[in-house]
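Reading the structure
Below are the chains, spelled out letter by letter.
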Amino acid sequence: MTTNPIIQFKNVKKIFDDNGQVVLNDINFELESGKFYTLLGASGSGKSTILNIIAGLMDATSGDIFLDGERINDVPINKRDVHTVFQNYALLPHKNVFDNIAFPLKIRKISKAEIDRRVLEALKMVRLTGFEHRRIQKLSGGQRQRVAIARAIVNRPKVVLLDEPLSALDLKLRTEMQYELRALQQKLGITFVFVTHDQEEALAMSDWIFVINEGEIVQSGTPVDIYDEPINRFVATFIGESNIVTGIMLDDYLVEFNGKQFEAVDGGMKKNEPVEVVIRPEDLQLTLPDEGKLVVKVTTQLFRGVHYEIIAVDELGQEWMIHSTRQAIVGEVIGLNFEPEDIHIMRLNETEAEFDARIEEYVEDEVAEAGIINAIREEEVDQEV
Ligand code: ADP
Ligand code: MG
């Protein structure tokens, strides 16, 4: 059984009239109910514009937006079953916590007893029981953000939109709130669409990430997909630190870089196609120079708490970053090792659609042979029967 997407964008474009800037260029996605989605991108990439179009705070220039199967382009804000949490909380400063949370219920003319029940339940969920009479001005930043979240969920909307809700908080509180928001989303089973420019936050919290750049979705997938198989240099550098070098894909499973050939696990490209090669710092192992696939000289080393961050340079002058629990010595010549599966190959200028199509075709080719063998076996079994 397939269920309707809770939110769908079909060919959504946004151009601002005043300057003709294309802020969203043909955005398409389907969001499943009950999942935690993140829009990840640098400032100005168009994340808030997407949220505002879902909420009804902005109109799309063209394209269709669906909420739970219904086209909502012309549905007013207050008739959309979504609620937004903003970075600046947008609370009513002179009202107390209870009245702020009760606000969306009061405008819907719900009975007082029911309002009391739901507000207290929402307060409990954000761990603010007992704070109902506190004034907003008397609350810390973290507590205010909790009130804003309680207000967003009190009405049990179909979708909660969160626009960089944690970026005003200090690191410790932000990490704590990341856990809480994730737990709350799972408990409620409401779809969350969360916006951040912080890669670690996106990787830690999401079921599914959309990486946005200049008004386009450049890649989407699970956090592991995106971290392990970035489709291009933009995504690779945006999602954490990486070593990226140019190379040539000589054949399936065989790549050349740094003037040497290496076994890899990628394929489906043209012979001798120029590519970019990504190796994560944590996938490089320190070894003796004559046992390493690469030989490098250590230039700097920093202790980062969990690991040492080592920068070393190879004979071609290319820098490599290594994360290792082992220590190196500045000036020392060392070997670096890595496994074929640690080499991630990116085609130049490949779009997400091309990437998906190539992987699919390639995997199909790979299983085709196995498939033929299975078909022969099935036929044999049929004949025996
Ligand atoms: P993000 O949330 O990813 O930082 P936004 O969606 O807020 O990005 O903005 C995307 C682009 O649209 C930016 O270049 C911004 O300057 C522009 N923009 C946003 N709102 C307006 C507006 N009301 N009028 C004109 N341009 C806007
Ligand atoms: Mg924004």
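Residues numbered from 1 in each chain as written. Chains lettered and ligands numbered in written order. Predicted model: local features only at pLDDT ≥ 70, side-chain atom pairs only at ≥ 80, totals over all residues. Heavy atoms only, no water.

This part is about the site of ligand 1. Near ligand 1, the surroundings consist of F16, D18, Q21, V23, A42, S43, G44, S45, G46, K47, S48 and T49. Residue G44 places a main-chain N or O atom 2.6 Å away from an oxygen atom belonging to ligand 1. Between ligand 1 and S48, the relevant distance is 2.8 Å, taken from an oxygen atom to a side-chain nitrogen or oxygen of the residue. In isolation ligand 1 offers 560 Å² of accessible surface; the protein chains occlude 65% of this area. For the shell around ligand 1, the element with the highest residue contribution is helix α1 (residues 47-55), accounting for three residues. Among the residues making up the shell around ligand 1, the classes are represented as three nonpolar, seven polar and two charged. (Near = heavy atom within 4 Å. Polar contact = N/O pair within 3.5 Å; in protein donor to acceptor, adjacent residues only side chain to side chain. Areas by Shrake-Rupley, 256 points an atom, 1.4 Å probe, with all protein chains shown as cover. Helix = DSSP H or I, 4+ residues; strand = E, 2+ residues; numbered from the N terminus. Nonpolar A, V, L, I, M, F, W, Y, C, P; charged D, E, K, R; others polar.)

Before going further, it helps to examine a nonpolar patch on the surface. Residues L92, F103 and I107 make up a contiguous nonpolar surface patch of about 260 Å² in total accessible area. Within the element layout of this structure, L92 appears in the loop between β6 (82-85) and α2 (97-106). (Patch = residues over 30% accessible without salt bridge, like charges linked within 9 Å, V, L, I, M, F, W, Y side chains within 5 Å. Salt bridge = Lys/Arg side-chain N within 4 Å of Asp/Glu carboxyl O.)

Now for the environment of D116. Here D116 shows up in helix α3 (residues 112-125). Using a relative accessible area of 25% as the deciding quantity, one classes D116 as partly exposed. Spatially, the C-alpha atom of D116 lies 22 Å from that of G189, the residues being 73 residues apart in sequence. (Buried < 20%, exposed > 50% of the residue type's maximum accessible area, 1.4 Å probe, protein only.)

To continue, consider the packing of α2 against α3. Contact pair α2 / α3: the axes reach a minimum separation of 10 Å and the direction vectors enclose 125 degrees. Taken together, α2 and α3 sit at an angle that is classed as oblique. Judged by the twist between their axes, the crossing of α2 over α3 is right-handed. Counting all contacts with α2, which are made through V97, F98, I101, A102, L105 and K106, the residues of α3 involved are I115, D116, R118, V119, A122 and L123. The residue makeup of the contact of α2 with α3, split by class, is nine nonpolar, no polar and three charged. (Axes fitted to C-alpha atoms, helices over the stretch in contact; angles between N-to-C directions. Parallel < 35°, antiparallel > 145°, perpendicular 65-115°, else oblique. Left-handed = near helix turned anticlockwise from the far one by under 90°. Contact = heavy atoms within 4.5 Å.)

A word on the packing of α2 against helix α4 (residues 141-153). Direction vectors running N to C along α2 and α4 enclose 30 degrees, while the axes themselves pass 7 Å from each other. Considering their axes alone, α2 and α4 lie roughly parallel with respect to each other. Between α2 and α4 lies a crossing whose hand is right-handed. Contacts from V97, N100, I101 and P104 in α2 reach V147, A150 and R151 in α4. Class assignment for the residues of the contact of α2 with α4 results in five nonpolar, one polar and one charged.

It is worth spelling out the nonpolar core at this point. The biggest cluster of nonpolar side chains holds 37 residues, and the ones touching the most others in it are I101, V119, V147, V160 and L181. Contributing elements (two or more residues each) for this core: α2, α3, α4, β7 (159-163), α5 (171-188) and β8 (191-196). No other element matches α4, which puts six residues into this core. The next biggest cluster of nonpolar side chains, apart from the first, holds 28 residues, and it includes L39, I53, V82 and I212. (Core = buried A, V, L, I, M, F, W, Y, C linked by side-chain atoms within 4.5 Å.)

Another point: the side chain of R182. Here R182 shows up in helix α5. Residue R182 is classed as buried on the basis of its relative accessible area of 16%. Apart from the residues within four sequence positions on either side, R182 is in contact with F36, M205 and D207.

On to the environment of A60. Take A60: it is sitting in the loop between α1 and β4 (62-67). Aside from chain neighbours lying at most four places away, what touches A60 is V12, K13, K14, I53 and I65.

Once that is clear, we can look at the sheet that holds strand β1 (residues 7-15). Pairing is antiparallel in the open sheet, where four strands are placed in the order β2-β1-β4-β5. Looking at strand neighbours, the two that pair on one side only are β2 (22-31) and β5 (70-71), the edges of this open sheet. Looking at chain direction, β4 and β5 are connected through two bridges and run antiparallel. From the neighbouring strand, F66 faces β5, where its bridge partner is R71. (Pairing = 2+ DSSP bridges.)

This part is about the pairing of strand β17 (residues 308-314). Extensive coverage of β17 is indicated by the burial of six of its seven residues. In this sheet, β17 lies alongside strand β16 (residues 294-303) in antiparallel orientation, the contact comprising seven bridges. Each residue of the ladder has a partner; that of K297, found in β17, is V313. What sits between the antiparallel neighbours β16 and β17 is a turn of four residues, in which G305 has the positive phi angle 95 degrees. Following β17, the chain reverses through four residues before pairing antiparallel with strand β18 (residues 319-324); G317 in that reversal takes a positive phi of roughly 90 degrees.

Spatial ordering of the open sheet is given by β13-β12-β11-β14-β20, a layout of five strands whose pairing is antiparallel. The outermost strands of the open sheet, each flanked by one partner alone, are β13 (260-263) and β20 (344-347). Neighbour-to-neighbour, the strand axes of this sheet turn through a mean angle of 40 degrees, independent of strand direction.

Under the UniProt annotation, "domain: ABC transporter" (unreviewed entry) lies at residues 7-239. A distance of 26 Å separates the end C-alpha atoms of residues 7-239, which is 36% helix and 25% strand. (UniProt positions renumbered as here; feature names shortened; annotations may be inferred.)

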